[in-house]
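Letter by letter, the chains look like this.
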Amino acid sequence: MKEDLLHRQDKETFQYTVLKRYKNYKAMLYFFLMGATLMFLSLTFMYFMSHLSTKETTLKMPVLFFVNTFILLASSIAVEVAQAHFRNDRYEPYKKSLLYILGLGTLFLVGQLYAWYLLFYSGQKFQAHSAAYLYVISGMHAIHIIGGLIFLTYFYWKSRTTLNDFSTSLVYFTDPIAKYQLHLFGIYWHFLGIVWLYLLLFFVAFK
């Protein structure tokens, strides 16, 4: 009886500590996202103001930028699917969902690189005002994507080593740390999707 009580107290203490840490990480993430939002808004505002005072040919954005947008939005849907599999303890579909997110995120980056290549060799180089801003702003976004993929790679590797069978999956899916990590990643990844959609629409409107 006494051992059961101590075990229950230890479990409650652990869950409280994890929840408190999660709230701190969530607050830090929100502050980071606010800073990133201000950065992208400032860069696009600088582009808009300087664009008004320059007379250049219209920026011709490669169609691949639009294709990449659908890839990134598809990866956000995959995040929602992964979270649904986590809630329902489906460990095989869950691992596949994480792999899909990783693959789609990597495909987005490769697509962005090729879009920059097409942009550069179409004659729109760094000397061109509009193209220079597009390179810099989309490059900053790509850096944030890379950061998310680095964390996701670690998270996927951890799930692969833990979710070997049904018994180990029970432990994993009841782990609050894994749950909170996935939730925070989802917030970050959806934010990057929204930011890229804003950037694309902005450059289409003010090219």
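Computed from a predicted model, the values in this text were never measured in an experiment.

S.K.: Please set out the nonpolar core residue by residue, giving values where relevant.
M.R.: Formed by 56 residues in total, the largest nonpolar core has its most connected members in Tyr 94, Leu 98, Ile 101 and Trp 189. Counting residues per element, this core draws most heavily on helix α6 (residues 176-205), which supplies 16 residues. Ignoring any residue separated from it by four or fewer positions in sequence, one finds Tyr 94 in contact with Ala 82, His 85, Phe 86, Phe 155, Ser 159, Leu 163, Tyr 172, Phe 173 and Leu 182.

S.K.: Mind laying out the environment of Tyr 91, listing which residues take part and the relevant values?
M.R.: Structurally, Tyr 91 is set in helix α3 (residues 91-121). Considering only alpha carbons, one finds Tyr 91 and Tyr 172, 81 residues apart in sequence, at a separation of 9.2 Å.

S.K.: Summarise the confidence of the model for the chain; cite the residues concerned and give the values.
M.R.: Mean pLDDT over the chain works out to 84, with 84% of the residues at or above the 70 mark. Within the chain, no element has a lower average pLDDT than helix α5 (residues 166-173), which sits at 68, and none a higher one than helix α2 (residues 64-87), at 95. This stretch, residues 1-10, has a pLDDT under 50; its non-local contacts, to residues over four places away or in other chains, come to 0 contacts.

S.K.: Could you give me a rundown of the packing of α2 against α6, with the residues and numbers involved?
M.R.: Two elements in contact, α2 and α6, have axes separated by 10 Å at closest approach and are oriented at 160°. By the angle between their axes, α2 is roughly antiparallel relative to α6. Of the two elements, α2 crosses α6, and the hand of that crossing is left-handed. When grouped by side-chain class, the residues that make up the contact of α2 with α6 number 15 nonpolar, 8 polar and 2 charged.

S.K.: An account of unusual backbone geometry is requested, with residue identities and associated values reported.
M.R.: Negative phi values dominate among residues other than glycine, just as trans dominates among peptide bonds. The residue Asp 89 is not glycine, and still its phi comes out positive at about 60°. Among the structural elements, Asp 89 can be located in the loop between α2 and α3. Note on Asp 89: relative accessible area 37%, which makes it partly exposed.

S.K.: An account of the side chain of His 144 is needed here, citing residue identities and associated values.
M.R.: Position of His 144 relative to the elements: it lies in helix α4 (residues 129-162). Residue classification places His 144 among the buried positions, given a relative accessible area of 11%. Apart from the residues within four sequence positions on either side, His 144 is in contact with Phe 32, Ala 36, Met 39, Phe 40, Tyr 188 and Leu 192.

S.K.: Quick one: what's the story with the environment of Lys 179, residue by residue and with numbers?
M.R.: By the secondary structure assignment, Lys 179 is in helix α6. Once the C-alpha coordinates of Lys 179 and Arg 87 are considered, the two residues, 92 residues apart in sequence, prove to be 8.7 Å apart.

S.K.: Break down α3 for me, citing the residues and quoting the values.
M.R.: With 31 residues, α3 should cover 45 Å at 1.5 Å per step; its first-to-last C-alpha distance of 45 Å lies within 8% of that length. Gly 123 lies just past α3 and shows a positive phi near 100°.

S.K.: So what's going on with the pattern of salt bridges? Residues and values would help.
M.R.: When their charged atoms lie close together, side chains carrying opposite charge are able to pair. Under the definition given, this model contains 1 salt bridge. For Lys 95, the salt bridge identified is with Glu 92, shortest N-O distance 3.5 Å. In this pair, Lys 95 and Glu 92 both sit in helix α3, 3 residues apart, roughly one turn of the helix. For Glu 92, a relative accessible area of 37% gives the class partly exposed.

Calculation rules
- Residues numbered from 1 in each chain as written.
- Predicted model: local features only at pLDDT ≥ 70, side-chain atom pairs only at ≥ 80, totals over all residues.
- Heavy atoms only, no water.
- Core = buried A, V, L, I, M, F, W, Y, C linked by side-chain atoms within 4.5 Å.
- Buried < 20%, exposed > 50% of the residue type's maximum accessible area, 1.4 Å probe, protein only.
- Helix = DSSP H or I, 4+ residues; strand = E, 2+ residues; numbered from the N terminus.
- Contact = heavy atoms within 4.5 Å.
- pLDDT = per-residue confidence, 0-100.
- Axes fitted to C-alpha atoms, helices over the stretch in contact; angles between N-to-C directions.
- Parallel < 35°, antiparallel > 145°, perpendicular 65-115°, else oblique.
- Left-handed = near helix turned anticlockwise from the far one by under 90°.
- Nonpolar A, V, L, I, M, F, W, Y, C, P; charged D, E, K, R; others polar.
- Expected span 1.5 Å × (residues − 1).
- Salt bridge = Lys/Arg side-chain N within 4 Å of Asp/Glu carboxyl O.

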